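Given next are the chains, with one letter for each unit.
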Amino acid sequence: MSVAPARPLRPSGVAAPAQPAAPSRVRTVGVEEELLLVDPRTGRTVAAGPALAMAPRPGGVGASPVALQGVVVPLETELQQEQVETATPPRTCMAEVTADLRRLRRAADAAAQDVGARVAALATYPLPVTPVLTPNPRYEAIRAQMGLTCAEQLTGGCHVHVGVASDEEGVAVLDRVRPWLPVLTALATNSPFWRGADTGYAGYRTQAWNRWPGTGPCDPFGSAAGYHAAVAELLATGTLLDEGMVYFDARLSAHYPTVEVRVPDVCLDVQDTVLVAALTRALVDTAAARWRAGEPIPADPTPVLRMAAWRASRSGLEDDLVHPRTHRPRPAGEVVAALVDDVRAALDANGDLHLVERDVERVLTRGTGARHQRAVAAASGRLEDVVADAAERTVA
């Protein structure tokens, strides 16, 4: 949930040509991560987000904890003061994305240590907490509108931005990646605990997040004009304050020429984040190529996609997932393999195939962050230890 105000609705533009040109180079990828601020001794949250975002840095540079290859990247405040957000610059190479994520996590952690805190890549906070709203007129308006949903909101997502040539191409992508998004949810599950209890879910953040209006999978839009008309209709209801609150599972970015995929939990391990980012870019490439080839939009019913997203949130990789091709439950490993096969040509073209095959095998073998959190809790019997362990793994 970004602090930046939403920009006005974009014009729908002209219709796509009958045979749109293929991109001439590898698409850019950027990754946003929402990180919790915790006390390393007690595991309790620390409401220091605004202080971190505005703290002066060496050399007199304000609000800038790190520079990545000459690009200054600030920490951003979030809805609640117990969080900060990092964002990588747009990259074409996954090795650079990996290095950026590690540097950003470590820089954010160093800034947090200045106020006696650590950062932790936890998609939900395991212990009971009463979040403190970040002072901001927009956030205060959101709280007034959304009540308890806003008051209890303390979740960490991973948002993957992939470059697109136009809104028309972007919406063609949105319409075609829909059935595969629950598989990304399953691969990233990292939120089994909520307010002091094991929820029974691998990715409970999805459940907490879907209390907000404007979330979840959407029907196909058909065109950029159809997308913008749908957003305008949502805003016309008076329920959402602005376009920034249109929290579709995947959407056109309000600020960049990208498609933004929003379903993953923030991952405990950077390698899992990079795996999700590489698969997301390959999904975008594959969907855009099928649009250029004139292939029709898949006819996946949105209610079925909601069922698939729920199952991915419930069990992650520990049980069956809904197969995007058959809409029937199949073993998680089989469904993940189907995703890799579907985007294999794009992974190969991007130079990501070996990375993805290696890391898929790794995550299927050792499990997601949710399995690791539960193992820590089972070993010690203390959720405080889950938080402390997460703080160490976040910067490992």
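The rules behind each value
- Residues numbered from 1 in each chain as written.
- Predicted model: local features only at pLDDT ≥ 70, side-chain atom pairs only at ≥ 80, totals over all residues.
- Heavy atoms only, no water.
- Helix = DSSP H or I, 4+ residues; strand = E, 2+ residues; numbered from the N terminus.
- Buried < 20%, exposed > 50% of the residue type's maximum accessible area, 1.4 Å probe, protein only.
- Areas by Shrake-Rupley, 256 points an atom, 1.4 Å probe, with all protein chains shown as cover.
- Salt bridge = Lys/Arg side-chain N within 4 Å of Asp/Glu carboxyl O.
- Pairing = 2+ DSSP bridges.
- Axes fitted to C-alpha atoms, helices over the stretch in contact; angles between N-to-C directions.
- Parallel < 35°, antiparallel > 145°, perpendicular 65-115°, else oblique.
- Contact = heavy atoms within 4.5 Å.
- Nonpolar A, V, L, I, M, F, W, Y, C, P; charged D, E, K, R; others polar.
- Phe/Tyr/Trp six-rings, centres within 6.5 Å; stacked < 30°, edge-to-face > 60°.

Quick look at the overall build of the protein now. Each helix and strand in the protein was counted, giving 15 helices and 15 strands. Within the protein, the fraction of its 396 residues that count as buried is 58%. With the model as given, the accessible surface of the protein reaches about 15,200 Å², and the carbon-plus-sulfur share is 56%.

All right, on to the pattern of salt bridges then. According to the stated counting rule, one finds 30 salt bridges in the structure shown. Across the salt bridge formed by Asp 285 and Arg 27, the nearest N and O atoms sit 2.6 Å from each other. With Asp 285 in helix 9 (residues 270-292) and Arg 27 in the segment before strand 1 (29-38), this residue pair connects regions lying 258 residues apart in the sequence. Of the residues examined, Arg 27 reaches a relative accessible area of 5% and is grouped as buried. Where salt bridges share partners, they join Asp 269, Asp 272, Arg 358, Asp 359, Arg 362, Arg 366 and Arg 393 into one cluster.

This part covers the pairing of strand 7 (residues 83-87). Among the five residues of strand 7, four are classified as buried, and the element is accordingly described as predominantly covered. In this structure, strand 6 (residues 76-77) lies alongside strand 7, joined through two bridges in antiparallel fashion. By the bridge assignment, Thr 77 is partnered in strand 7 with Val 84. Between the antiparallel neighbours strand 6 and strand 7 lie five residues.

Below, the discussion takes up the packing of helix 5 (residues 167-177) against helix 9. Put simply, helix 5 and helix 9 touch, their axes get as near as 8 Å, and they point 105° apart. Compared by their axis directions, helix 5 and helix 9 come out roughly perpendicular. Between helix 5 and helix 9, the residues in contact are Glu 168, Glu 169, Ala 172, Val 173, Arg 176 and Val 177 and Leu 283, Val 284, Ala 287, Ala 288, Arg 290, Trp 291 and Arg 292, respectively. When grouped by side-chain class, the residues that make up the contact of helix 5 with helix 9 number eight nonpolar, no polar and five charged.

Moving on to helix 11 (residues 332-342). Among all positions of helix 11, only Ala 332, Val 335, Val 336, Ala 338, Leu 339, Val 340 and Asp 342 are buried. Where helix 11 is buried, its residues meet helix 6 (181-187), helix 9, strand 14 (321-322), strand 15 (329-330), helix 12 (344-350) and helix 13 (353-366).

This brings us to the packing of aromatic side chains. Any aromatic ring pair is given by two values, namely how distant the centres are and how the planes are angled relative to each other. Per the stated rule, a full pass over the model turns up nine aromatic pairs. Centroid distance Tyr 201 to Trp 310: 5.9 Å. Interplanar angle 85°. Geometry classified as edge-to-face. One end of the pair, Tyr 201, is in the loop between strand 11 (197-198) and helix 7 (204-209); the other, Trp 310, is in helix 10 (residues 302-315), and 109 residues separate them in sequence. A centroid spacing of 6.0 Å and a plane angle of 90° characterise the contact between Trp 212 and Tyr 247, whose relative ring orientation is edge-to-face. Highlighted residues: Trp 212 in the loop between helix 7 and helix 8 (224-236) and Tyr 247 in the loop between helix 8 and strand 12 (250-252), separated in sequence by 35 residues. Take Trp 212 and Tyr 247: they sit in the same class, and that class is buried. Grouping aromatic residues by their ring pairs yields a cluster made of Trp 194, Tyr 201, Tyr 204 and Trp 310.

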